[in-house]
Amino acid sequence: MGQYEHSIDPKNRINFPAKFREQLGENFILTVGLDECIAVYSAEEWDKLEQKINQLPMSRGRSVKRYFFSNAVTVEPDKQGRILLPAELRSYAGLEKDVTIIGNRSFAEIWNTEAWNANQETSDEDFTAAMEDLDF
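One structure accompanies this document, and this report is about it. (Residues numbered from 1 in each chain as written. Predicted model: local features only at pLDDT ≥ 70, side-chain atom pairs only at ≥ 80, totals over all residues. Heavy atoms only, no water.)

## Description of the packing of aromatic side chains
Here comes step 1: Scanning the entire structure with this criterion turns up 10 aromatic pairs.
Here comes step 2: Summarising the aromatic geometry, the rings of Trp-46 and Phe-68 are spaced 5.3 Å apart at their centres and angled 15 degrees between planes, so their arrangement reads as stacked. Pair noted here: Trp-46 is in helix 2 (residues 43-54) and Phe-68 is in helix 3 (residues 58-70), with a separation of 22 residues, a long-range link. Each of the two residues, Trp-46 as well as Phe-68, counts as buried.
Here comes step 3: Following the ring pairs from residue to residue traces out a cluster consisting of Tyr-41, Trp-46, Phe-68, Phe-69 and Phe-107. (Phe/Tyr/Trp six-rings, centres within 6.5 Å; stacked < 30°, edge-to-face > 60°. Helix = DSSP H or I, 4+ residues; strand = E, 2+ residues; numbered from the N terminus. Buried < 20%, exposed > 50% of the residue type's maximum accessible area, 1.4 Å probe, protein only.)

Written out as structure tokens, the structure reads:
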């Protein structure tokens, strides 16, 4: 849970929040996420996701597997808690300088801060509809 704002340094690293590092473990996996962000998984959650994806029929799952797994990389924070953001993932998510890192249930997401703010402005109706579905 939560959200944190950071900047990408000249070596293409970000300081990954300690709270998330504690939950994700010593190493974690970055890959493409939905809505043009980077998804961040613990090894345990990655294994669960991999099992679900592997259950897809070959005809439907092959492109998902190729796209998802070919863009995945394992990272290990350095002593200062920084992780390197690979060029392909930075490009995919439009990350240049300011990023917002959010908690999203069992994983985290890294967003371009402007894109995150725009997403929050446009999702009010979706949020309201979902809360109504939950009888709130």
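## A word on the pairing of strand 3 (residues 28-32)
Note on strand geometry: in a regular strand, side chains alternate between the two faces of the sheet.
Here comes step 1: For strand 3, the buried fraction is high: five of the five residues fall into the buried class.
Here comes step 2: Where strand 3 meets strand 4 (residues 38-42), five bridges bridge the pair, whose relative direction is antiparallel. If you follow Leu-30 over to strand 4, its bridge partner there is Val-40.
Here comes step 3: The loop that links strand 3 with its antiparallel partner strand 4 comprises five residues; one of these, Asp-35, has a positive phi angle of about 60 degrees.
Here comes step 4: As judged from the three bridges shared by strand 3 and strand 5 (residues 73-75), these two strands associate in the antiparallel manner. Paired with Ile-29 across the strands is Thr-74, a residue of strand 5. (Pairing = 2+ DSSP bridges.)

## Quick notes on helix 2
Here comes step 1: If you check helix 2, its first and last C-alpha atoms are 16 Å apart, about what 12 residues at 1.5 Å a residue would give, namely 16 Å.
Here comes step 2: Listed in full, the buried residues belonging to helix 2 are Glu-45, Trp-46 and Ile-53. Down the axis of helix 2, the buried set is contained in an arc of 100 degrees. They therefore lie on one face. In helix 2, the exposed positions angled more than 90 degrees off the buried face are occupied by Glu-44 and Gln-51.
Here comes step 3: On its buried face, helix 2 is in contact with strand 3, strand 4 and helix 3. (Expected span 1.5 Å × (residues − 1). Arc of directions from axis to C-beta. Contact = heavy atoms within 4.5 Å.)

## Quick word on the nonpolar core
Here comes step 1: Among the nonpolar cores identified, the biggest contains 27 residues, and Ile-14, Phe-16, Leu-30, Ile-83, Leu-85 and Ile-110 are the most heavily contacted of them.
Here comes step 2: Elements with a minimum of two residues in this core: helix 1 (18-24), strand 3, strand 4, helix 2, helix 4 (87-93), strand 7 (98-104) and strand 8 (107-112). (Core = buried A, V, L, I, M, F, W, Y, C linked by side-chain atoms within 4.5 Å.)

## Thoughts on the environment of Ala-118
Here comes step 1: Structurally, Ala-118 is set in helix 5 (residues 113-122).
Here comes step 2: Sequence separation between Ala-118 and Ile-8 is 110 residues; the distance between their C-alpha atoms is 20 Å.

## Quick look at the sheet that holds strand 5
Here comes step 1: Strand order in this open sheet of six strands is 1-7-8-4-3-5, and the pairing throughout is antiparallel. Edge positions in the sheet fall to strand 1 (3-7) and strand 5, since each has one partner strand and no second. Averaged over all adjacent pairs, the angle separating strand axes in this sheet is 30 degrees, with direction ignored.
Here comes step 2: The sheet contacts of helix 2 involve strand 3 and strand 4, and relative to strand 4 the element is tilted by about 105 degrees. (Axes fitted to C-alpha atoms, helices over the stretch in contact; angles between N-to-C directions.)

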